[in-house]
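If you want the building blocks of each chain, they are given just below.
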Amino acid sequence: MSRLPLITIVGPTASGKTQRAVSLALATDSEILSGDSRQVYRGMDLGTGKDLDDYAPLFSKYSHLTDMQYPGLHLVDICEAGEKYNLHRFLRDFQEAENVIRQRGNNVLLCGGTGMYVEAALAGLALPEVPEDREFRDAMQSKTLTELHEELARLKKLHNVTDVDTHQRAVRALEIERYYQAHPEASELADRSKATPRESVIFLIDIPREERRRRITERLKARLDAGMTDEVEALLKQGVSAENLIYYGLEYKFVTLHVLGQLSKDEMFRGLETAIHQFAKRQMTWWRGMERRGFTLHPIAYNLSESDFLAEALPLLGL
């Protein structure tokens, strides 16, 4: 198949974008790049929704790529749980994987739910490495999350607070902005107005709010039944700190607090259910915001048959 521009599939959690990505990848001779900030971690499977079984047809198609843990799937299970993966590393890893795929003569499909990661890659950003400032971090420990958000808003325009929704993340964001102020050359690299956006056809899996909420609740119950609490306990036994698991948010935050005895099972479920609903809403806010920031997103209904989905998607790729 001829070389295609970068294909991108986005959508809120539980919208079925993984299955759509696999279907489109098979139809376009594409390998998939994950745009999820937590699926990079080994051993964090149920809580991040890797759903590796959904990729079976992709793994079969690229089974000749014997040097890959997951043939045809990139940026999943690439670092240890407990590490702090970040946007800078993602953009570096994304570019390296894209180059490898293109050199093989295959097309590239980006599938993800982390808006900041996906948009930064599409915008063509190349961020500099920003070192930790331990003295600054210590000084920020007494600040509330609201105070950190207010300080960050003074330094930069916030599209939303999806990716600074914990104290650690907000402090890191402030750390980065302070570094840019002190190093104008680094700020230049991070200036989106000076970046060259990638050519990409972007599909948005469009799912009604009530159906999304139903799926989220149903999937949460299934993952807890499948052993999400056991997964968290295993990570703690491996030496991953409770603080780091809580930092990862959502499933790992609430299940860890339950394992530590700070939440009952019912409190864990209700709190986590609400948090995932809120997260999905913020995701949709991000995707809609991308349209205001100059990206074109093509909505495709979540409940189309595979053949109908491809009948809508392929012509938009010129196929």
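Please refer to the structure higher up on the page.
For the structure given in this document, a descriptive report is provided here. Here the structure is a predicted model, which means the values were calculated and not measured.

**Points about unusual backbone geometry**
Residues other than glycine predominantly adopt negative phi, and peptide bonds predominantly adopt the trans conformation. Notably, Ala14 is not glycine yet its phi reads approximately 70 degrees, a positive angle. Examined against the element boundaries, Ala14 turns out to sit in the loop between strand E1 (6–10) and helix H1 (17–28). What makes Ala14 buried here is its relative accessible area of 11%. In this model, Asp29 sits at a positive phi of 55 degrees, which is unusual for a non-glycine residue. Mapped onto the secondary structure, Asp29 falls in the loop between H1 and strand E2 (30–34).

**Some points on the pairing of E1**
For E1, a buried count of 5 out of 5 residues is recorded, marking the element as mostly surrounded by other parts of the structure. Judged by which residues are buried, E1 turns out to be covered on both faces: Leu6, Thr8 and Val10 on one side and Ile7 and Ile9 on the other are all buried. Alignment of E1 against strand E7 (residues 200–206), held across 5 bridges, turns out to be parallel. Along E7, the bridge assignment pairs Val10 with Leu204. Here E1 runs beside strand E6 (residues 107–112); their pairing, made up of 4 bridges, is parallel.

**A short note on the pairing of E2**
Of all 5 residues in E2, 5 are buried, a share of seventy percent or more. In E2, alternate side chains face the same way, and those of Ser30, Ile32 and Ser34 on one face and Glu31 and Leu33 on the other are all buried. Note: E2 against E6, 5 bridges, orientation parallel. Residue pairing across strands places Leu33 opposite Leu110, the latter belonging to E6. In this structure, E2 lies alongside strand E4 (residues 73–74), joined through 2 bridges in parallel fashion. Residue pairing across strands places Leu33 opposite His74, the latter belonging to E4.

**What to know about the nonpolar core**
Phe90 and Trp287 are the most contacted members of the largest nonpolar core, which has 60 residues in total. A total of 11 residues in this core trace back to one element, the largest contributor, which is helix H13 (residues 265–292). If sequence neighbours within four positions are ignored, Trp287 has contacts with Val10, Gly11, Pro12, Gly112, Gly113, Thr114, Gly115, Val118, Leu204 and Leu297. Of all hydrophobic cores here, the second largest spans 30 residues; its members include Leu4, Ile32, Leu65 and Leu314.

Reading the values: the criteria
Residues numbered from 1 in each chain as written. Predicted model: local features only at pLDDT ≥ 70, side-chain atom pairs only at ≥ 80, totals over all residues. Heavy atoms only, no water. Helix = DSSP H or I, 4+ residues; strand = E, 2+ residues; numbered from the N terminus. Buried < 20%, exposed > 50% of the residue type's maximum accessible area, 1.4 Å probe, protein only. Pairing = 2+ DSSP bridges. Core = buried A, V, L, I, M, F, W, Y, C linked by side-chain atoms within 4.5 Å. Contact = heavy atoms within 4.5 Å.

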